[in-house]
Amino acid sequence: MVSRVCTVAFQGIEAVPVDVQVMVAPGKMGMQIVGLADKAVTESRERVQAALHASGLSMPPKKVTVNLAPADLPKEGSHYDLPIALGLMAALGAIPADALAGYVVLGELSLDGTVAAVNGVLPAAIGANAMERGLICPHACGAEAAWASADIDILAPRSLIALANHFKGTQVMRRPEAALGPPPANVPDLADIRGQEGAKRALEVAAAGGHNLLMIGPPGAGKSMLAQRLPSILPPLSPRELLEVSMIASIAGELADGKLSDRRPFRAPHHSASMAAIVGGGLKARPGEASLAHHGVLFLDELPEFSPQVLDSLRQPLETAECVIARANHRVSYPARIQLVAAMNPCRCGMAGEPGHRCRRGPRCVTDYQARISGPLLDRVDLRIDVPAVSASDLVGGAERAETSATVAERVARARGAQQVRYTAQGLPAWTTNASCSAALIEDVVKLDSGCAALIREASEKLGFSARAYHRVLKVARTLADLGGSDTVARSHIAEAISYRMAGAMRSQAA
């Protein structure tokens, strides 16, 4: 007899249907799993046998063959335990064979028969809903699966026995409810930062238009503090963005208790991170920091200390909003619509340009340190600002409390709202910002008068702007106009946008 159970394999965040076929036939007693399975899948043979024994069932004295079809699709992970066990139970008559026909099943089994949590339940639930099937998943992942749809039938058993009793009608399982995680406590606020009004202005502009930002300044100037407060002024995730971000986190196993959060991701990897850690990869092509920061912020502190190869690997994701991981046997794509924020010292000793300080190595200290960052990567950074050391007058008591993040967030929300109205009218997604719109569209949106055109033409000739830099200046100018509530881009907006590409005497020529 052959029983069938539907499960999924993951390619990026896409759930691909897999047919688990279990056959019990005369022959030498044992279980064989075929279908291009990795080590974790083949080891499920021992977990399934132990879980069945703990649940009061014994393996039949026959040959058991498990085929995972399609056979040429790689199968990875421990979530095949539960579908294999249910297929075997159906073949033995322990549960009705037709009861599993309308479900996608995934879950890991413990040796005592309990169902343990697995990664990827949310993408699996969305895939099951697209296939017009229900979902059977671990109890710990039920809240996560419930976000897929209010109509999808979800069973979240704690153990094999509980699931068998449900199908027999002796126990009824309640559908899990979707849940949001609690808001984080002690969120950093912009009011904590004294001084640095120019840097705060640039941070607001970056938040309003989704622009990439580079901060250059001596140690202790507050660059990291500013970056950590960027999420506090960004708008919350929309429902669609929330699902996309949570699907990636689910694949990576970073959803705590299956609860989702509407706060934008903020990822800050250490500068020793490898290329696979940043853009994704490894043995199972897992998502990297760039994808985990999807619809959020990727903060790279001590930018020149990162490997140049790692930094240059971000050039494609910054343009295409996705990380493509190509291997000899498969190709995986993860979304990575990120806002890059970076911080660096002006030189190796960190104090170049500061009053009263002189580098021992002279100008070479600055040149060698900044040369670790390639021109093409810098060309993709819209805003470059100098963050000077904070003066004693800003720090010593009695200073008035600065603007709070809530106040700045209101202005950012209004600017984002104007962009949403503008770009949805063009048929673009609601999350489109000035920074993410195309070059052709920004030229249509920003109508330059003769004065603005002359100013940007002169700046382009003197500063050697590339075509990309030219369009990014237009995008920043449009964001400045949105923050000011203006329908048109004025000369002052163009001038301020140009000034943001001149900080730190960084090289502006793309290689």
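Owing to the predicted nature of the structure, the values given are computational and were not obtained by experimental measurement.

Caption draft 1: Quick look at the nonpolar core. Residues Leu 213, Met 215, Leu 230, Ile 233, Val 341, Ile 385 and Ile 494 are the most contacted members of the largest nonpolar core, which totals 52 residues. If you tally residues by element for this core, the top one is helix α20 (residues 467–483), at 8 residues. Ignoring anything within four residues of it in the chain, the contact list for Ile 233 reads Leu 190, Leu 203, Glu 204, Ala 207, Ser 405, Val 408, Ala 409 and Val 412. Val 5, Met 31, Ile 84 and Ala 91 belong to the second largest nonpolar core, which has 41 residues in total.

Caption draft 2: Broad picture of the sheet that holds strand β11 (residues 266–267). Ordered in space as β11-β12-β15-β10-β16, the 5 strands form an open sheet in which the pairing is parallel. Strands at the two margins of the open sheet, each flanked by one partner only, are β11 and β16 (383–386). Pairing between β11 and strand β12 (residues 297–300): 2 bridges, direction parallel. Counted as the bridge partner of Arg 267 is Leu 298 from β12.

Caption draft 3: Geometry of the side chain of Gln 419. With respect to the helices and strands, Gln 419 occurs in helix α17 (residues 405–424). According to the relative accessible area criterion, Gln 419 is buried, its value standing at 0%. A distance of 2.7 Å separates a polar atom in the side chain of Gln 419 from the backbone oxygen of Ala 208.

Caption draft 4: Region of the structure containing the packing of helix α3 (residues 81–92) against helix α6 (residues 160–168). One way to put it is that α3 packs onto α6 with a least axis distance of 12 Å and a crossing angle of 50 degrees. The orientation of α3 with respect to α6, classified from their angle, is oblique. The two elements α3 and α6 cross, and the hand of that crossing is right-handed. Contacts from Leu 82, Ala 85, Leu 86 and Met 89 of α3 reach α6 at Leu 160, Leu 163 and Ala 164. Per-class residue counts for the contact of α3 with α6 are 7 nonpolar, no polar and no charged.

Caption draft 5: Representation of the packing of α17 against α20 in the model. Between α17 and α20, the shortest axis-to-axis distance is 8 Å and the interhelical angle comes to 115 degrees. Read as a crossing pair, α17 and α20 show a hand that is right-handed. Where α17 approaches α20, its residues Arg 411, Ala 415, Ala 418, Gln 419 and Arg 422 are matched on the opposing element by Arg 478, Asp 482 and Leu 483. Split into classes, the residues belonging to the contact of α17 with α20 amount to 3 nonpolar, 1 polar and 4 charged.

Caption draft 6: Layout of the pairing of strand β3 (residues 30–34). Alternating positions in β3 separate cleanly, Met 31 and Ile 33 being buried on one face and Gly 30, Gln 32 and Val 34 remaining unburied on the opposite face. Here 5 bridges tie β3 to strand β4 (residues 63–69), and the two strands are oriented parallel to one another. Note on β4: the bridge partner recorded for Gln 32 is Thr 65.

About the cut-offs
- Residues numbered from 1 in each chain as written.
- Predicted model: local features only at pLDDT ≥ 70, side-chain atom pairs only at ≥ 80, totals over all residues.
- Heavy atoms only, no water.
- Core = buried A, V, L, I, M, F, W, Y, C linked by side-chain atoms within 4.5 Å.
- Buried < 20%, exposed > 50% of the residue type's maximum accessible area, 1.4 Å probe, protein only.
- Helix = DSSP H or I, 4+ residues; strand = E, 2+ residues; numbered from the N terminus.
- Contact = heavy atoms within 4.5 Å.
- Pairing = 2+ DSSP bridges.
- Polar contact = N/O pair within 3.5 Å; in protein donor to acceptor, adjacent residues only side chain to side chain.
- Axes fitted to C-alpha atoms, helices over the stretch in contact; angles between N-to-C directions.
- Parallel < 35°, antiparallel > 145°, perpendicular 65-115°, else oblique.
- Left-handed = near helix turned anticlockwise from the far one by under 90°.
- Nonpolar A, V, L, I, M, F, W, Y, C, P; charged D, E, K, R; others polar.

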